[in-house]
Amino acid sequence: MNNPLTLIIDDEPDIRELVEITLNRMDIQTLCAENIEKAKALLAQHKFDLCLTDMKLPDGNGLDLVDYIQKSSVPMPVAVITAHGNMDIAIKAMKKGAFDFLSKPVDLTVLRQLVKNALKLSEQAHAKKDRRTRHILLGDSQVMRGIRTKIDKLARSQAPIYISGESGSGKELVARLIHQQGPREEAAFIAVNCGAIPHELMESEFFGHKKGSFTGATTDKIGLFKAADGGTLFLDEVADLPLPLQVKLLRAIQEKKVRPIGEQQEIPINVRLLSATHKNLNAMVEDGSFRQDLYYRINVIELITPPLRARESDIPELANHLLIKLASDNQQSQPLLSTEAINALKQYHFPGNVRELENILERALALYDGDVIGLDDLNLPISTELPKAEQFDPSESSLEDYLEAIEKKALSRALEENRWNKTETAKHLGLTFRSLRYRLKKLGLD
C-alpha cells in the first residue's frame, strides 16, 4: 500500500507525538486530533486506512467513535488505546467492531505490529479480495449461510473468538477459515488440543523454556505462542486447561507478552487467539473449574457451530462431498447414495456430527456391493439417542434456543433413566453435581 494514512486521536500531546513519530518512521502518513469533534472533521475530509483512538476524550468516549466509523460508508480498522489494565473497555470496543487494542504505556513493538496487521487488512479491502468460503464450509441452509457471513466479518478483527459446539461439528475448520480470511493468512496457524498435553508440561509447551531451567531442559524451546507469532493460535478443548495455566494465559492475553520458564524478561507476542470446546464453559465458570475473568477474555465474540441435525437439508451435499473425497483416497469409483439411504441420514440424530457422517460413509464404502450405497449398507446405529428435536428454524427461534431444547431433552431423559437421582445422573453424564444442578436450574428442571 502506497503512503497509507492514519488518524491518531488522543488528548495527551506526548502520546500523539510518540505514536506519530513511530508511524512516520514506518513511512506512514499521519493526521492528529485531540478530541472527537476534530476527529470527525478530519474523517469527513480525508480517506484514512487506519484509526488509533484513545478511549477517554474531552468531548466523549472512544467507543462512540468506534460506532461512528463502523457505520460510515467506508469503514476502516480502528484500534483503541486504553489505560493500563483496563481490559473491560478494550473488550467492549472489540465487541463493537474495533480491530484491536493497545494498553498504556504504549509498547512501540506492539504498536508497530498492530499497525502492520491493520494496514494489511486495509490492503485486502482495497484489493477486493475474494473472501467467499462456500466451497470450503459446505451447506446452503440458512444457519450455514449466516455462519459464513460471520466468519468473513470476524476475520477482519483481532478480537479473541470463542467457538462453541458439539464434538465433530467443525470447530477447527471454522477457526482455520477465520485465519485464512484475515490479514494473518500467510503466517502460521497452530492448533493445539489442550486436553492432549500433560499438565506438568503445559507451561513449557505454551510459553517455552530456557536450556537448563529444569531437569530435562537440554535445549531452548520457543513454545506455542512464539511459534504462532504473527499468526493464529487455536486452543481446542480450552476447557481442559488446569487453573494454574489459566492464570498465565490470562496474563498473556492482557499484556501481549509471555515469559518462558527460566527467562528473566517477558517477550512480546503477536498472536490472534481462537479457542473452542464442546463443553459448557458457562457451567464450568459457575462450578469454579474455569476462571470467569479468562472466560470473558477469550469469549469477546462467540461463534456457535450448529449440530448436523440442525441443518439436515445440508446432509445430501455433505455426504456427496465426503464420498468423493473417500473414494479418491481409496482409489475407488464414487458410488451413488440411494434415496432411502439419503432419507435415513437426514432422519438420523448424528451425535458425532459431520465426523460421524464421514465414519459412516467410510464404513459403507468398504462394505457395499454394486454401484449404489443402500440403506442397509449404512449400518446406522439402532436409535438409542434422545428423540430428534424439531427442525431448527432461524426465523422462529435462535440457535441458542434450539440447542437449549436439545440439552433439556437430554437431561430429562438422563434423570428419568436414573429415577431422578441427581447424584447418579451427574455421574451418568460425566458432570460434577454442582454443574448438573446449575444446568437443571437454568433449564427449569430443578
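Preceding this section is the structure that the text describes.
Residues numbered from 1 in each chain as written. Predicted model: local features only at pLDDT ≥ 70, side-chain atom pairs only at ≥ 80, totals over all residues. Heavy atoms only, no water.

Student: Whenever I open this one, the side chain of Asn35 confuses me. Can you help?
Tutor: Looking at the element boundaries, Asn35 is found in the loop between β2 (29–33) and α2 (36–45). By relative accessible area, which is 17% here, Asn35 ends up buried. Polar side-chain contacts of Asn35 include one of 2.8 Å to the backbone nitrogen of Lys38. In this view, Asn35 contacts Ile9, Pro58 and Asp59; residues no more than four positions away in its chain are not counted. (Helix = DSSP H or I, 4+ residues; strand = E, 2+ residues; numbered from the N terminus. Buried < 20%, exposed > 50% of the residue type's maximum accessible area, 1.4 Å probe, protein only. Polar contact = N/O pair within 3.5 Å; in protein donor to acceptor, adjacent residues only side chain to side chain. Contact = heavy atoms within 4.5 Å.)

Student: Please explain a positive patch on the surface as it appears in this structure.
Tutor: A contiguous patch of positive charge on the surface is contributed by Lys422, Arg434, Arg437 and Lys441. The biggest single contributor to the positive patch is helix α19 (residues 433–442), with three residues. (Patch = residues over 30% accessible without salt bridge, like charges linked within 9 Å, V, L, I, M, F, W, Y side chains within 5 Å. Areas by Shrake-Rupley, 256 points an atom, 1.4 Å probe, with all protein chains shown as cover. Salt bridge = Lys/Arg side-chain N within 4 Å of Asp/Glu carboxyl O. Lys, Arg positive; Asp, Glu negative; His and termini not counted. Charge placed at Lys NZ, Arg CZ, Asp CG, Glu CD.)

Student: Can you walk me through the sheet that holds strand β9 (residues 189–193) in this structure?
Tutor: Whenever strands of a sheet pair, they do so through backbone hydrogen bonds, lying parallel or antiparallel. Spatial ordering of the open sheet is given by β9-β10-β13-β8-β14, a layout of five strands whose pairing is parallel. Of all strands in the sheet, those with a lone pairing partner are β9 and β14 (301–304), marking the two edges. Across the sheet, the axes of successive neighbouring strands diverge by a mean angle of 20 degrees, strand direction being ignored. Examined bridge by bridge, strand β8 (residues 161–164) and strand β13 (residues 272–277) share four bridges and lie parallel to one another. Of the residues in β13, the one forming a bridge with Ser164 is Thr277. The sheet contacts of helix α6 (residues 142–154) involve β8, β13 and β14, and relative to β14 the element is tilted by about 150 degrees. (Pairing = 2+ DSSP bridges. Axes fitted to C-alpha atoms, helices over the stretch in contact; angles between N-to-C directions.)

Student: Looking at this structure, how should I read the pairing of strand β6 (residues 78–82)?
Tutor: Every regular strand shows the same layout, with side chains that alternate between the two sheet faces. With five of five residues buried, β6 lies mostly within the body of the structure. Side-chain alternation along β6 places Val78, Val80 and Thr82 on one buried face and Ala79 and Ile81 on a second face that is also buried. The pairing of strand β3 (residues 50–54) with β6 spans four bridges and is classified as parallel. Bridge pairing links Asp54 to Ile81 in β6. Alignment of β6 against strand β7 (residues 100–103), held across four bridges, turns out to be parallel. In the sheet register, Ile81 faces β7, and the bridge partner there is Leu102.

Student: Mind showing me how you'd approach the nonpolar core here?
Tutor: In a soluble, globular protein the nonpolar side chains are often hidden away together inside. Residues Leu7, Ile9, Ile151, Ile161, Ile163 and Ile178 are the most contacted members of the largest nonpolar core, which totals 46 residues. Those residues in contact with Ile9, other than ones at most four positions away along the chain, are Ala33, Asn35, Ala39, Cys51, Leu52, Thr53, Asp54, Leu57 and Leu65. Among the nonpolar cores identified, the runner-up in size contains 32 residues, and Leu235, Leu245, Ile253 and Leu273 belong to it. (Core = buried A, V, L, I, M, F, W, Y, C linked by side-chain atoms within 4.5 Å.)

Student: What am I meant to see in the packing of helix α13 (residues 315–329) against helix α14 (residues 339–347) here?
Tutor: When two helices pack together, their arrangement is given by the angle between their axes and by how far apart the axes lie. Running from amino to carboxyl end, α13 crosses α14 at an angle of 115 degrees, the nearest separation of the two axes being 10 Å. Crossing geometry of α13 relative to α14 is assigned as right-handed. Side by side, α13 and α14 meet where Ile315, Pro316 and Ala319 of the first sit next to Ile342, Leu345 and Lys346 of the second. The class makeup of the residues in the contact of α13 with α14 is five nonpolar, no polar and one charged. (Left-handed = near helix turned anticlockwise from the far one by under 90°. Nonpolar A, V, L, I, M, F, W, Y, C, P; charged D, E, K, R; others polar.)

Student: How should helix α3 (residues 62–70) be read in this particular structure?
Tutor: Each α-helix winds once per 3.6 residues, and so residues spaced three or four apart point in a common direction. Those residues of α3 that sit buried are Gly62, Leu63, Leu65, Val66 and Ile69. When α3 is viewed along its axis, its buried side chains cluster within an angular range of 155 degrees and face the same direction. Between the side-chain oxygen at the start of α3 and the backbone nitrogen of Leu63 there is a gap of 2.7 Å, and the oxygen is on Asn61. (Arc of directions from axis to C-beta.)

Student: What is the right way to look at the packing of aromatic side chains in this model?
Tutor: Here the distance between the centres and the angle between the planes together describe a pair of aromatic rings. Scanning the model with the defined rule gives seven aromatic pairs in all. Considering the side-chain rings of Phe206 and Phe207, the 6.3 Å spacing of their centres and the 50 degrees angle between planes classify their relative orientation as tilted. A relative accessible area of 1% means that Phe206 is categorised as buried. Among the residues examined, Phe207 registers a relative accessible area of 4% and is labelled buried. Plain terms: the ring middles of Tyr348 and Phe350 are 4.7 Å apart, the flat faces sit at 75 degrees to each other, and that makes the pair edge-to-face. The buried category is assigned to Tyr348, whose relative accessible area is 7%. Site record: aromatic cluster; members linked through ring pairs are Tyr162, Tyr295 and Tyr296. (Phe/Tyr/Trp six-rings, centres within 6.5 Å; stacked < 30°, edge-to-face > 60°.)

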